[in-house]
Amino acid sequence: MDMFTRVEPKRQSFTVKEDYGWEDIQNKDGSLYDLLSDYLSYDFPLWKRLEFSDFKKYPIKKYSGNFLRNGNLLLTQDAMKTELRDFTTGKFAGVDPKFVMMALIFFNSGVFGKIDKNERINLDYDLKDNKVVIENSGLILEEDSSVIMIRSYRGEGKLLNSASKYLLRAGSKLKIFNVIISPKTDLVISSSLYNLEENASLEVYDVIFGGEKTAIDHTANLNGDFSRATFKTVYFARGKERMDLRNSLNHFGRSTYGRIETNGSLSDEGYSVVRGNIEIKSTAVGADSEERSNTISLSKKARADSIPSLYVDNNDVIAKHGASIGNIDEDKLYYLMSRGLDERSAIRLIVSGIFEPIINEIPPDNSNLKEEIENAISVRI
Amino acid sequence: MELIKIIDLHASIGEKEVIKGVNLTVNRNEIHAIMGPNGAGKTTLINVIMGNPKYRVTSGEILFEGKSILNLSVDERARLGIFQSFQYPEEISGVTFMNFLRLAYEKMHPDQKMSVLEFGDMMVKIADSLKMDHNFLKRYVNLGFSGGERKKSEILQLSALNPKIALLDETDSGLDIDALKIVSEGINNASKNGMAVVLVTHYKRILDYVKPKFVHIFIDGRIVKTGGIELAEELERNGYEEVRI
Amino acid sequence: MTNNALSKTEPGLNRRIIEEISESKNEPLWMKDIRMKSLEYFLNRPNPNFGVDISALDLNSIVNYVKPGAQNERSWEDVPEDIRENFEKLGIPQAEREALAGVGAQYDSEMVYHNMKESLKKLGVIFLEMGTAVREYPDLVKKYFMHLIPPNDHKFAALHGAVWSGGTFIYVPPNVNVPMPIQSYYLMGSPGMGQFEHTLIVVDKGSKLEFIEGCSGQNYSVSNLHAGAVEIYVEEGATVKFSTIENWAKNTYNLNTKRASVDKDGTIIWISGTMGSAKTMLYPSSILKGKGARAEYTTITYAGPGQHLDTGTKVFHFAPYTSSKVDSRSISFGGGYAFYRGLVRVSESAIHSKSSVDCSALMVDNVSKSDTLPIIEVMNNQSEIGHEAYVGKINEDQIYYLMSRGLTEDDAKALIVRGFLDPFIKQLPFEYAVEFNRIIDMHFNSKIG
């Protein structure tokens with residue numbers, strides 16, 4: 001069989017005057033030495049759409065306060081002293097290898113754990129007091145275990161860089177909420193990798209009110225037969241905020257199922273790039289995968305890019321995607337205003353409607369977080 | 001003359017047995033009605049006779065004009081003169097009815113050479129008899145058809161292709177009384193030249209217009225009782241529960 | 001031009017070869033300058049960083065100019081028989097008599113036939129071989145030539161600028177409705193050559209033109225290269241329908257560039273079929289620069305054994321109330337690889353614009369590949385932009401339904417594929433549609449006819 005090569009643009013990069021080094025490592029450990037030399041051999045990625053071409057080295061400090069609210073887990077520096085050590089330093093592509101490695105080496109926060117039953121995990125990261133939060137986290141879900149994890153990153157800081165990875169063994173279930181409300185933070189980066197064995201099930205809900213520049217990547221490898229992954233992201237960008245949100249599904253197993261749904265709204269000169277990648281390998285017979293995105297742009301100067309891709313090597317599949325970008329629906333607005341709402345309230349109501357389905361999914365004992373999301377919408381419109 | 005003879009037929013979908021020992025003989029010219037509750041396997045029986053690859057015959061025999069057809073593919077059975085009408089016929093975009101039917105007609109009757117015009121005339125006549133708009137022939141196969149249009153389109157195909165036996169699946173469901181009369185007339189006309197009919201139905205209503213010689217009660221994958229039209233009447237009065245024994 | 005006759009250049013590219021081509025064509029200095037500048041760009045540009053792998057294409061072994069053993073004639077009788085036969089087989093002279101307003105026919109690097117009906121000449125329509133147009137209408141050509149596709153756009157636009165030869169020039173004056181299509185046909189007959197025809201179409205205010213482009217070639221074991229350029233200027237209120245069937249031989253690299261600029265209330269309609277070649281990169285682009293300008297696409301890509309076809313559409317909305325509609329379909333079978341690459345860019349000023357893009361891909365078997373990458377960039381909030389895509393196989397229930405009416409499985413598949421491609425096929429001139437159906441039948445072992 002003739003195999004064809006797909007030619008793709010090479011990674012572009014830029015050099016910085018000052019990068020982090022050995023002295024910036026919070027939890028010095030010999031095993032990080034090789035990783036560090038690998039890290040230093042990489043330049044920073046140049047991102048055209050985000051206009052990311054400069055990296056400011058903010059000092060990394062010991063995390064002050066307590067981010068682990070709930071859950072039977074080890075802090076990353078402690079996990080490194082256990083059998084989880086190799087897992088804590090495991091590299092992956094994420095948003096970009098440079099940032100993933102940065103998190104693995106320079107982390108000042110994060111948790112690791114092996115879970116074999118049902119577990120609730122709450123992680124609250126405070127950007128306001130810490131300014132720089134670098135997280136390295138990871139979970140192994142043993143067979144048939146089930147985890148609900150609620151993770152938030154809140155406050156005005158300088159840099160957030162998170163890398164996390166998840167191994168979902170056969171039949172395990174992971175439901176994860178990531179809420180980022182980090183206005184005026186220079187750079188917000190989050191990379192997550194999920195490896196799913198057979199019959200494992202993953203649901204990821206992202207609520208993103210980003211920093212000045214935000215880049216998020218979730219990648220799920222559906223390795224096991226009948227494994228399932230759903231990504232639901234909602235976002236809002238205002239001012240000159242730029243965000244690049246990528247969700248990827250790689251189907252390897254038979255009868256795997258994937259959904260990507262990204263909805264958001266833009267005001268001022270907000271700019272969003274919504275990427276959805278679906279790759280269905282020839283082994284993934286019977287795969288069913290679909291991607292949708294919808295952007296409501298409230299401002300003339302906002303910009304919305306949609307970059308969905310489908311790569312299909314197998315014909316026994318269902319693969320679809322759809323995208324729409326437009327203004328707020330005039331008919332809906334009219335209807336609400338005919339019931340007495342002023343325009344602003346009506347718009348706020350419609351935009352809240354984008355967030356509502358995800359807020360609803362958040363377990364009820366997180367009323368503070370829900371309120372904060374609702375406030376974040378309010379102040380933005 | 002024996003047209004189709006089904007002997008102790010068993011068939012499965014996946015591991016599940018759905019046809020559990022059916023015996024049925026249909027002669028030329030005969031109209032048979034198969035009645036039974038939802039999920040009894042009536043539609044499955046038609047699919048198995050037609051050779052739908054979703055179902056596997058595990059034992060038994062189907063003879064058509066004395067020869068086994070079990071090893072024949074669906075199109076080969078169609079060309080022998082077996083016609084299946086569908087409850088939910090497929091929509092096929094980009095293919096007009098006219099082109100599709102002409103092609104099917106050529107396959108079924110390779111020795112009859114008809115020009116495009118002659119074939120068109122024939123189709124128009126059939127469409128008229130079914131009170132169908134001629135534009136229908138220019139439309140894509142079943143695309144955007146209403147329920148009634150779909151039934152008529154199936155009967156139009158039946159009339160055009162002129163098979164030896166028609167297996168009709170719930171052809172009456174969802175039709176108003178006028179449409180039902182037209183469709184029944186279509187079936188009756190087609191059967192005048194010797195065509196046999198196996199009519200699967202849930203309700204007796206259509207039997208007022210298409211008169212069967214035999215009525216079979218079909219429950220849980222087999223024929224449990226056979227009789228004349230009076231059986232349908234009994235069924236109407238007492239329901240399937242009574243007939244079960 | 002006979003005194004400078006050049007029959008064929010040596011393989012590869014250098015200043016001397018370009019000079020030879022230019023001199024043999026008696027070109028004005030400005031055109032020679034374009035060629036020389038293009039050569040520089042070409043030598044300095046890297047290969048494209050996306051699309052198909054062209055690392056196996058040895059540009060130094062490609063013969064960039066091959067003069068056919070014929071002059072540019074106005075009567076088919078004067079075209080040498082061996083060349084004429086090729087066009088007869090394609091049904092071109094017959095189609096010309098019956099349904100075309102004008103025909104051009106290119107063999108290798110030069111046009112061998114070019115003719116237009118007298119009635120159109122009287123209306124002021126110009127239809128010439130491109131090189132002749134450069135000499136006879138230098139001012140008109142200079143105003144448009146390689147402005148839409150600048151030579152430094154990409155490596156193969158630069159190559160084209162350096163070695164272009166043949167092709168068609170059309171000018172339609174204001175308010176003329178050209179009643180029948182004009183067609184040009186391009187044939188590559190020599191092994192290891194490159195064909196670089198240039199098509200320049202200018203349709204002035206309120207006029208209408210339908211142009212048909214056909215391309216094919218003979219199959220050789222060595223690689224051939226096609227890097228043509230099509231530039232279309234649709235002026236205010238004008239409409240151009242541009243139909244193409246690219247059926248290059250399976251040894252051909254087809255790295256082609258097509259672009260249209262559309263002024264106020266103008267319309268460009270692209271009907272584009274890519275079925276031949278070993279590897280293709282082709283993305284017809286529409287630059288909607290006038291208020292109310294429109295672009296419509298109906299495209300198909302048909303990738304069979306040994307083919308990697310990377311095709312797509314690009315629409316740039318630069319003015320208010322512009323609209324675009326894309327219906328793009330692909331078939332991949334027998335290990336073929338179809339890639340749809342799309343771009344819709346809506347600028348800040350293109351308020352009240354609309355765009356809808358529909359892509360669907362049918363994968364006939366389990367060894368083929370189908371990828372879709374449609375990029376949307378929207379820079380204002382008063383536009384409605386949508387995109388839908390679907391990848392899947394032939395529906396088994398449809399096959400069963402057709403087989404229950406007596407069709408063989410092969411016939412059923414061929415009929416479904418035809419139906420899937422119908423929106424494209426029904427836009428084609430009759431002889432192309434028949435040919436296309438014949439090819440589908442052949443690939444699916446069907447005898448539907």
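Glancing now at the sheet that holds strand 10 (residues 196-201) of chain B. Residues and elements named next belong to chain B. The strand order across the open sheet built from six strands is 6-9-10-3-11-12, with neighbouring strands paired in mixed fashion. Each edge of the sheet is formed by a strand with only one pairing partner; in this case those strands are strand 6 (82-84) and strand 12 (222-227). Averaged over all adjacent pairs, the angle separating strand axes in this sheet is 20°, with direction ignored. Sheet topology places strand 3 (residues 31-35) next to strand 10; five bridges connect them, and they run parallel. When the sheet's bridge partners are listed, Met 35 is paired in strand 10 with Thr 201. Lying over the sheet, helix 5 (residues 147-161) contacts strand 6 and strand 9 (165-169), oriented at roughly 170° with respect to strand 6.

With that out of the way, let us pick up the interface of chain B and chain C. Opposite the 34 residues of chain B that make contact, chain C presents 21 residues. When chain B packs against chain C, the two sides together hide about 2100 Å² of surface, and 62% of this comes from carbon and sulfur. Summed over the three residues of chain B that lose the most area to chain C, namely Glu90(B), Ile92(B) and Leu103(B), the buried surface amounts to 25% of that side. Across the salt bridge formed by Lys54(B) and Asp397(C), the nearest N and O atoms sit 2.9 Å from each other. Viewed at the interface, chain C and chain B are joined by 15 residue pairs in polar contact (both at pLDDT 80 or more). For the side of chain B that touches chain C, the secondary-structure elements that each account for two or more residues are helix 1 (42-50), helix 2 (74-80), strand 6, strand 7 (92-96), helix 3 (97-108), strand 8 (140-141) and helix 5 of chain B. Ranked by the residues each element gives to the side of chain B that touches chain C, the list is headed by helix 3 of chain B, at five residues. Its residues assigned to classes, the side of chain B that touches chain C comprises 17 nonpolar, 10 polar and seven charged.

Across all of its chains, the model carries 45 aromatic pairs over all chains by this definition. On the basis of an interplanar angle of 25° and a centroid distance of 5.4 Å, the ring pair of Phe211(C) and Phe242(C) is categorised as stacked. Of this pair, Phe211(C) sits in strand 9 (residues 208-217) while Phe242(C) sits in strand 12 (residues 239-247), placing them 31 residues apart in sequence. The buried category is assigned to Phe211(C), whose relative accessible area is 0%. Exposure remark for Phe242(C): the relative accessible area of 0% places this residue in the buried category. Taken together, the ring pairs in this structure connect Phe14(A), Tyr20(A), Tyr39(A), Phe44(A), Trp47(A), Phe52(A), Phe55(A), Phe99(A) and Phe106(A) into an aromatic cluster. The ring of Phe42(C) carries the charged tip of Lys155(C) above its face, separated from the ring centre by 4.4 Å.

Bringing the interface of chain C and chain A into the picture now. Contact residues are listed per partner, giving 44 residues for chain C and 40 residues for chain A. For the pair chain C and chain A, the two sides together bury roughly 3500 Å², of which 50% comes from carbon and sulfur. Measuring nitrogen to oxygen at the nearest pair gives 3.4 Å for the salt bridge that ties Arg303(A) to Glu377(C). Our count for the chain C to chain A interface comes out at 24 residue pairs in polar contact (both at pLDDT 80 or more). Elements that contribute at least two residues to the side of chain C that touches chain A include exactly strand 1 (51-52), strand 21 (337-346), strand 23 (369-378) and strand 24 (384-393) of chain C. Residues belonging to the side of chain C that touches chain A are distributed by class as follows: 18 nonpolar, 17 polar and nine charged.

Before going further, it helps to spend a moment on helix 2 (residues 29-44) of chain C. For an α-helix, 3.6 residues make a turn, and residues three or four places apart therefore share a direction. Counted at 1.5 Å a residue, the expected span for helix 2 of chain C with its 16 residues is 22 Å, and the 23 Å between its end C-alpha atoms agrees. Inspection of helix 2 of chain C places Trp30(C), Met31(C), Ile34(C), Arg35(C), Met36(C), Ser38(C), Leu39(C) and Phe42(C) among the buried residues, and these make up the whole buried set.

Residue and element names in this part refer to chain C. Considered domain by domain, chain C is made up of domain 1 (2-282) and domain 2 (395-449). Distance between the C-alpha centres of domain 1 and domain 2: 32 Å. Buried area between domain 1 and domain 2, both sides added, is near 880 Å², and the carbon and sulfur share of it is 70%. Of all residues in domain 1, Ile 245, Ile 271 and Met 275 give up the largest surface area on contact with domain 2, accounting jointly for 47% of the area buried on that side. Joining domain 1 to domain 2, the criterion identifies zero salt bridges. Inspection of the region where domain 1 meets domain 2 yields two residue pairs in polar contact (both at pLDDT 80 or more). Elements supplying a minimum of two residues to the side of domain 1 that touches domain 2: strand 6 (182-188), strand 9, strand 12 and strand 15 (267-274). If you tally residues by element for the side of domain 1 that touches domain 2, the top one is strand 12, at four residues. Looking at the side of domain 1 that touches domain 2 residue by residue, the class counts come to six nonpolar, six polar and two charged.

Moving on, we get to the sheet that holds strand 1 (residues 2-13) of chain B. Residues and elements named next belong to chain B. Strand order in the open sheet formed by four strands is 2-1-4-5, and the pairing between neighbours is antiparallel. Each edge of the open sheet is held by one strand with a lone partner, namely strand 2 (16-27) and strand 5 (67-68). Bridge count for strand 1 against strand 4 (residues 56-64) is seven bridges, and the pairing is antiparallel. Counted as the bridge partner of Ile 6 is Ile 62 from strand 4.

Criteria and thresholds
- Residues numbered from 1 in each chain as written.
- Chains lettered and ligands numbered in written order.
- Predicted model: local features only at pLDDT ≥ 70, side-chain atom pairs only at ≥ 80, totals over all residues.
- Heavy atoms only, no water.
- Pairing = 2+ DSSP bridges.
- Helix = DSSP H or I, 4+ residues; strand = E, 2+ residues; numbered from the N terminus.
- Axes fitted to C-alpha atoms, helices over the stretch in contact; angles between N-to-C directions.
- Contact = heavy atoms within 4.5 Å.
- Buried area = accessible area lost by both parts, 1.4 Å probe.
- Salt bridge = Lys/Arg side-chain N within 4 Å of Asp/Glu carboxyl O.
- Polar contact = N/O pair within 3.5 Å; in protein donor to acceptor, adjacent residues only side chain to side chain.
- Nonpolar A, V, L, I, M, F, W, Y, C, P; charged D, E, K, R; others polar.
- Phe/Tyr/Trp six-rings, centres within 6.5 Å; stacked < 30°, edge-to-face > 60°.
- Buried < 20%, exposed > 50% of the residue type's maximum accessible area, 1.4 Å probe, protein only.
- Lys NZ or Arg CZ within 6 Å of the ring centre and 35° of its normal.
- Expected span 1.5 Å × (residues − 1).
- Domains from an automatic or database assignment.

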